[in-house]
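Descriptive analysis of the structure
So you can see what is in the structure, the chains are spelled out below.
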Amino acid sequence: MALSKFQAVLHSKCPKCRTGNMFEGRVYGLKRQKMYENCPHCGFKFEIEPGYFYAAMYVSYAFSVGQVLVSALITAWLTKSDSPWVYTGVLFFTILVFAPFNYRYSRLILLHYLSPKVSFNPNLAAGKEGKVV
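The structure reproduced in this document is the subject of the present report. (Residues numbered from 1 in each chain as written. Predicted model: local features only at pLDDT ≥ 70, side-chain atom pairs only at ≥ 80, totals over all residues. Heavy atoms only, no water.)

**Section: the overall build of the protein**
Check the secondary structure of the protein and you find three helices and two strands. Taken from N to C terminus, the helices and strands of the protein fall in the order α-β-β-α-α. The C-alpha radius of gyration computed for the protein amounts to 18 Å, which surpasses the reference 14 Å derived for 133 residues by more than 25%, pointing to a less compact arrangement than a globule. Along the first, second and third principal axes, the C-alpha atoms of the protein reach 60 × 25 × 25 Å. Out of the 133 residues belonging to the protein, those deemed buried represent 33%. (Helix = DSSP H or I, 4+ residues; strand = E, 2+ residues; numbered from the N terminus. Rg over C-alpha atoms; globule rule 2.2 N^0.38 Å. Buried < 20%, exposed > 50% of the residue type's maximum accessible area, 1.4 Å probe, protein only.)

Printed below as a string of structure tokens:
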């Protein structure tokens, strides 16, 4: 049984077959994240056209704005500080901590939800081998 679209994003699976991994390794770890060029299961090329993932920067930006806003509000609530240095430090820390998450999930959301050219093919799901060109 194939994963739902949400589960496929959560587990970093290919948008075409929802079986193959898009990334090697974990979001947070000692090794640098590496995105595969093609799906190891169905062969789907993730970068549909040259420069395709520049659009993922907009998704990443939206993530960053939300994360920074929430961390600023929590900092204000906890510290009640008027110092801009407290907020600057917390916001830079937030951006650095969430950078690997934003990198991975902005690309996944772009491919799974924001790309009309890409759709799930149940014939390519687990157990049904086939190569996409």
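**Some remarks on the packing of aromatic side chains**
Overall, the coordinates contain six aromatic pairs when judged by the stated rule. Judged by centre distance (6.3 Å) and plane angle (80°), the ring pair of Phe98 and Phe101 falls under edge-to-face. Separated by three residues within a single helix, Phe98 and Phe101 lie in helix α3 (residues 84-113), roughly one turn from each other. Residue Phe98 is classed as partly exposed on the basis of its relative accessible area of 32%. Classification of Phe101 by relative accessible area gives partly exposed; the value is 28%. Joined through ring pairs, the aromatic side chains of Phe63, Phe98, Phe101 and Tyr105 make up one cluster. For Arg107, the ring lying beneath its charged end belongs to Phe53, and the centroid distance is 4.5 Å. (Phe/Tyr/Trp six-rings, centres within 6.5 Å; stacked < 30°, edge-to-face > 60°. Lys NZ or Arg CZ within 6 Å of the ring centre and 35° of its normal.)

**Examining the side chain of Gln33**
Mapped onto the fold, Gln33 is located in the loop between β1 (23-24) and β2 (34-35). In this structure the side chain of Gln33 is engaged in a polar contact, spanning 3.0 Å, whose partner is the backbone oxygen of Pro100. A distance of 2.9 Å separates a polar atom in the side chain of Gln33 from a polar atom in the side chain of Arg104. If near-sequence neighbours (up to four positions away) are discounted, Gln33 is found in contact with Phe23, Glu24, Arg26, Val27, Pro100, Tyr103 and Arg104. (Polar contact = N/O pair within 3.5 Å; in protein donor to acceptor, adjacent residues only side chain to side chain. Contact = heavy atoms within 4.5 Å.)

**Some points on the environment of Phe93**
Its place among the elements puts Phe93 in helix α3. C-alpha of Phe93 to C-alpha of Val68: the two residues are 25 residues apart in sequence and 9.6 Å apart in space.

**Concerning unusual backbone geometry**
Phi at Arg18 takes a positive value of approximately 55°, unusual for a residue other than glycine. Along the chain, Arg18 falls in the loop between α1 (5-10) and β1. When its relative accessible area of 14% is taken as the criterion, Arg18 is described as buried. Non-glycine residue Lys80 carries a positive phi angle of around 50°. Locating Lys80 in the fold gives a position in the loop between α2 (56-79) and α3.

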